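# Per-entry structural report
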Amino acid sequence: MAVLVTGAAGFIGYHTARRLLDRAETVIGLDNLTPYYDVALKRARLAALAHPRFRFLELDLADPPIVLKAIGRDEIDRIVHLAAQPGVRYSIDHPFEYAHANLTGHLTMLELFRHLATPRHLVYASSSSVYGGNRKLPFATSDSADHPVSLYAATKKADELMSHAYAHLYQLPMTGLRFFTVYGPWGRPDMAVYSFTRDIYAGRPITLFNHGDMMRDFTYVDDIVAGVIAALDHPPAPGNDAPPCRLYNIGNNRAEPLPRLIEVLERATGRKANIRYAPMQPGDVKETCADIDDIRHDLGFQPTTPLDIGIPRFVEWFKSFHKDEVGT
Ligand SMILES: NC(=O)c1ccc[n+]([C@@H]2O[C@H](COP(=O)([O-])OP(=O)(O)OC[C@H]3O[C@@H](n4cnc5c(N)ncnc54)[C@H](O)[C@@H]3O)[C@@H](O)[C@H]2O)c1
């Protein structure tokens, strides 16, 4: 049976669908191509997914009757739900887009999953941002995630709670993955690695918030996808009392200072960055780092791509995709 990948035109969804096709799965991709960032990049990812075993549905996830009608009960048995309205800063000015995609959209996936003939496993994206201002590092799933500092984080935490309720009510196997700052080829133009690279090539200044005093657990996309697929292949079994749902951090387990990211980017591009410093932005957190002991223990997850390997790979992709911006 096929796997449904939501957000298939997005960054992580594209890579996940690609990996599933490579291992001979049939994949249905769903995405409504939101204009949050350049739609041409989303269309290019879809073009790169063209395959006889890939079918694309351009649909809004948060439209339950249409989604439930478009996908047959016997057509899929697993869902990798990655579609969402991402971005911490954007959620300050566009709150309802988050309620639409991340709350109604997530609930639609739960309903779709519940109505499948064989609901084998639903894997969905959560985020490190649920840890809010947590000061204990690295972040562990046993830490409190009840103090979000952005609406984006609040919607991701709500997704985890809704999933728990459905797993409990209907004994549906589900796994939530809290991603930590994913980067790599075909990445997201709104995120630091992509936008800094673009600014370096354009000779534009790069703004480092909190005066550069920030650390991120950058995770290479191939490592993330390996974790997503490992999770998909190991649905949680029902416990005696506990519902069949679980949550994992999925990161690199290594917090890197932003100035180090700039150094690696300068080396990979062969250009000097022009840095400006600015205060902390509302909704942002100073530092993230994932405790990945659980996913390592349960699923054998082991990230293998340090920044020094992953960034040059990203820059190579950037140069081939944005030839016009790179010059000679
Ligand atoms: N990239 C990261 O570092 C990161 C970190 C933490 C969590 N996440 C989560 O991982 C998931 C994938 O993120 P990404 O980086 O690939 O983002 P992305 O924006 O590239 O992909 C998300 C896709 O979802 C689609 N989408 C949005 N609203 C939709 C709707 N209503 N109906 C159908 N499709 C819709 C968008 O068009 C987009 O293509 C998201 O849930 C995101 O919140 C990502």
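Everything in this summary refers to the structure shown in the same document. Predicted model only: the values in this text are computed from it and were never measured.

## Observations concerning the side chain of E111
Along the chain, E111 falls in helix α5 (residues 95–114). At 3.1 Å, the side chain of E111 and the side chain of R114 are in polar contact.

## Concerning the side chain of T155
Tracing the chain through its elements places T155 in helix α6 (residues 151–170). For T155, a relative accessible area of 3% gives the class buried. There is a polar contact of 3.1 Å between the side chain of T155 and the side chain of N102. A polar contact of 2.7 Å, which involves the side chain of T155, links it to the backbone oxygen of Y152. Beyond its immediate chain neighbours, meaning those up to four positions away, T155 contacts Y98, N102 and L103.

## What to know about the pairing of strand β6 (residues 174–179)
Of all 6 residues making up β6, 6 are buried, and the element is well covered by its neighbours. Neither face of β6 is open: one carries M174, G176 and R178, the other T175, L177 and F179, and all of them are buried. Bridge analysis of strand β5 (residues 121–127) against β6 gives 6 bridges, and the strand direction is parallel. Among the inter-strand pairings, Y124 is bridged to a residue of β6, identified as G176. In terms of handedness, the path from β5 via α6 over to β6 forms a crossover that is right-handed. For β6 and strand β11 (residues 245–250), the ladder comprises 6 bridges, and the chain directions are parallel.

Thresholds, definitions, all that
- Residues numbered from 1 in each chain as written.
- Predicted model: local features only at pLDDT ≥ 70, side-chain atom pairs only at ≥ 80, totals over all residues.
- Heavy atoms only, no water.
- Helix = DSSP H or I, 4+ residues; strand = E, 2+ residues; numbered from the N terminus.
- Polar contact = N/O pair within 3.5 Å; in protein donor to acceptor, adjacent residues only side chain to side chain.
- Buried < 20%, exposed > 50% of the residue type's maximum accessible area, 1.4 Å probe, protein only.
- Contact = heavy atoms within 4.5 Å.
- Pairing = 2+ DSSP bridges.
- Right-handed = clockwise from strand over helix to strand, strands pointing away.

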